[in-house]
Amino acid sequence: MSVIKLDNFEKFNNSVEVKIPGVETPWNVTFDDAYRVKSSMIASQVEKLYRKQNDDDYLNKLLDMPDAKRKERLTKDMEEMKTTCINGLNELLNDGKAGQQLYDTLGHSTEILAQIIGQLNDSADKTLDLNKEEQDKAQMHLYDSER
């Protein structure tokens, strides 16, 4: 009888502690299919808002508006991005206060929150794709051998 050995599963652990520099609170999350779906949805919502705000048509419409109306629109759109990021981090870190805590601690920046969401989404994908690590090693080996 032959034995099939699945080495990739030997060190598999999908529970992680998330630590963010400058923030004392660590968060424990478990990367699973449900988390992956949730993180993908939140990351795509943030990406959609980001693209909307950087669209040429949107920027041209803003330039055509009077100053007061432009400021009102920008404030509304930034508030929508802030709410999406804060609520998204609350969900991803399983803590109803995490998003606001990070927003306050990290300089009131939705850009930083969006990057954290993206990194959590990428981390969930990498953790659940055991072959990804092997592929990355193989690519690095190619790079190293070309030097």
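The structure displayed is predicted, hence computed values, not measured ones.

A few points about the overall build of the protein chain
Summing up its helical and strand segments, the protein chain has six helices and two strands in all. By residue count, 29% of the 147 residues in the protein chain fall in the buried class. The long-range share in the protein chain, meaning contacts at least 24 apart out of those at least 6 apart in sequence, stands at 62%. Accessible surface computed for the protein chain: about 10,500 Å², of which carbon and sulfur atoms make up 51%.

A word on the pairing of strand β2 (residues 27–30)
For a regular strand, side-chain orientation follows a simple rule: the groups alternate between the two sheet faces. Of the two faces of β2, only the one carrying W27 and V29 is buried; N28 and T30 on the other face are not. Across four bridges, the pairing between strand β1 (residues 15–18) and β2 is antiparallel. Residue pairing for β2: V18 is matched across the bridge by W27.

Quick notes on the side chain of N121
Looking at the secondary structure, you find N121 in helix α5 (residues 110–128). Taking relative accessible area as the criterion, N121 reaches 12% and is therefore assigned buried. Among all residues touching N121, those that are not within four sequence positions of it are R36, S39, S40 and A43.

A closer look at the pattern of salt bridges
Taken as a whole and judged by the stated rule, the model has seven salt bridges. The salt bridge involving R70 is made with D67; its shortest N-O contact spans 2.3 Å. With a gap of three residues between them, R70 and D67 both fall in helix α3 (residues 67–92), about one helical turn apart.

Some remarks on the nonpolar core
Among the nonpolar cores identified, the biggest contains 27 residues, and I20, W27, L89, L93, L102, I117 and L120 are the most heavily contacted of them. Only β2, α1 (33–53), α3, α4 (98–105) and α5 provide two or more residues apiece to this core. The dominant element in this core, judged by the number of residues it contributes, is α5, at six residues. For L102, the contacting residues outside a window of four places in its chain are I20, V23, W27, L89, L93, L113 and I116.

Reading the values: rules and limits
Note that residues are indexed from 1 along each chain, following the sequence as it is written. Reporting of local features is limited, given that this is a predicted model, to residues whose pLDDT is at least 70; pairs of side-chain atoms are given and counted only at 80 or more, and all residues count toward the totals for whole chains, interfaces and linings. With hydrogens and water set aside, each side-chain value is computed from the structure's full complement of heavy atoms. A run of H or I in DSSP becomes a helix once it reaches four residues, and a run of E becomes a strand once it reaches two; helices and strands are each numbered from the N terminus. Think of it in three bands: with a 1.4 Å probe and only protein chains considered, a residue is buried below 20% of the maximum accessible area for its type, exposed above 50%, and partly exposed in between. For this analysis, residues touch if any pair of their heavy atoms sits within 4.5 Å. Surface accessibility follows the Shrake-Rupley procedure with a 1.4 Å probe radius. Residue values consider only the protein chains on display as shielding. Strand pairing follows a simple DSSP-based rule, namely that at least 2 bridges must link the two strands. Salt bridge, as applied in this entry: a Lys or Arg side-chain nitrogen positioned within 4 Å of an Asp or Glu carboxyl oxygen. We define the nonpolar core as a collection of buried residues of types Ala, Val, Leu, Ile, Met, Phe, Trp, Tyr and Cys that are connected through side-chain atoms lying within 4.5 Å of one another.

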